[in-house]
Amino acid sequence: MARPKCCRRVAGEPPCQIFKPAGVPASALDHVVLSMDEFEAIRLADLDGLYHDKAAERMKVSRQTFGRIIEAARHKVAEALVKGLALRIEGGEIEIAKMRIFRCMKCRHQWDVPFGTGRPTQCPSCSDASICRAEGQRGRRNAGEACPRGRS
Ligand SMILES: [Zn+2]
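The residue count restarts for each chain, going from 1 along the sequence in the order it is written. The model is predicted, so local features are restricted to residues of pLDDT at least 70 and side-chain atom pairs to those at 80 or more, both for listing and for counting; the totals for chains, interfaces and linings are taken over all residues. The side-chain quantities take in all heavy atoms of the structure and omit both hydrogens and water.

1. Some details on the coordination of the zinc ion
Protein coordination of the zinc ion is provided by C104 (SG), C107 (SG), C123 (SG) and C126 (SG), with donor distances spanning 2.3 Å. If you list the donors of the zinc ion from N- to C-terminus, the spacing comes out as C-x2-C-x15-C-x2-C. One end of the pair, C107, is in the loop between β6 (99–104) and β7 (110–114); the other, C123, is in the loop between β7 and β8 (131–133), with 16 residues separating them in the sequence. The classification of residues rests on relative accessible area computed with a 1.4 Å probe and restricted to protein chains. Under 20% of the type maximum is buried, over 50% is exposed, and intermediate values are partly exposed. Looking at C107, the relative accessible area reads 34%, which means it is partly exposed. Only nitrogen, oxygen and sulfur atoms qualify as donors, provided they sit within 2.8 Å of the metal or within 3.2 Å for Na, K and Ca; with water excluded from the atoms, sites may seem incomplete. Strands here are runs of E lasting at least two residues and helices are runs of H or I lasting at least four, both read from the DSSP assignment and numbered beginning at the N terminus.

What follows is the structure in structure tokens.
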């Protein structure tokens, strides 16, 4: 019996939901569906460079489960690239995490931290402690905490 996959946590929706080879109408293409949790796994492991245990923690799944998700995700992306298929990003048993955005005032690195995990104490990129809350589309409600502008 399959265990329920409910509520893998993802940090946000992808900026677009379909990728396809240029110049070919979507109707003429086969497509692969990448679920939102698979998309999130690629974002965490391959773009942000998180280790699997950290990425699993973010998504609230076990490390083994994360390993399976990322493996399936990479296979689908590879298949789309190699075979020239359209790639659709949709679905999956997920919940969207509310994120706070922080910015380093020294190196300007910007990163997301899920709510409920505490305020970071240093920049993950340069380890400097001068960080502040960045204003962003997901942090509007707390704009009062936004970075001071035009000062250095
Ligand atoms: Zn920094």
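2. Brief notes about the pattern of salt bridges
What counts as a salt bridge is simple: a side-chain nitrogen of Lys or Arg found within 4 Å of a carboxyl oxygen of Asp or Glu. Tallied over the entire structure, the rule returns 11 salt bridges. Measuring nitrogen to oxygen at the nearest pair gives 2.9 Å for the salt bridge that ties K76 to E38. Residue K76 is located in helix α3 (residues 63–83), and its partner E38 is located in helix α1 (residues 36–47); the two are separated by 38 residues in the primary sequence. With relative accessibility at 22%, the residue K76 sits in the partly exposed group. On the accessibility criterion, E38 (9% relative accessible area) is buried.

3. Concerning unusual backbone geometry
Phi at R108 is positive, roughly 70 degrees, even though this residue is not glycine. Topologically, R108 is positioned in the loop between β6 and β7. Although it is not a glycine, S127 adopts a positive phi angle of roughly 65 degrees. When you line up the elements, S127 lands in the loop between β7 and β8.

Taken by themselves, the reported measurements are silent on function.
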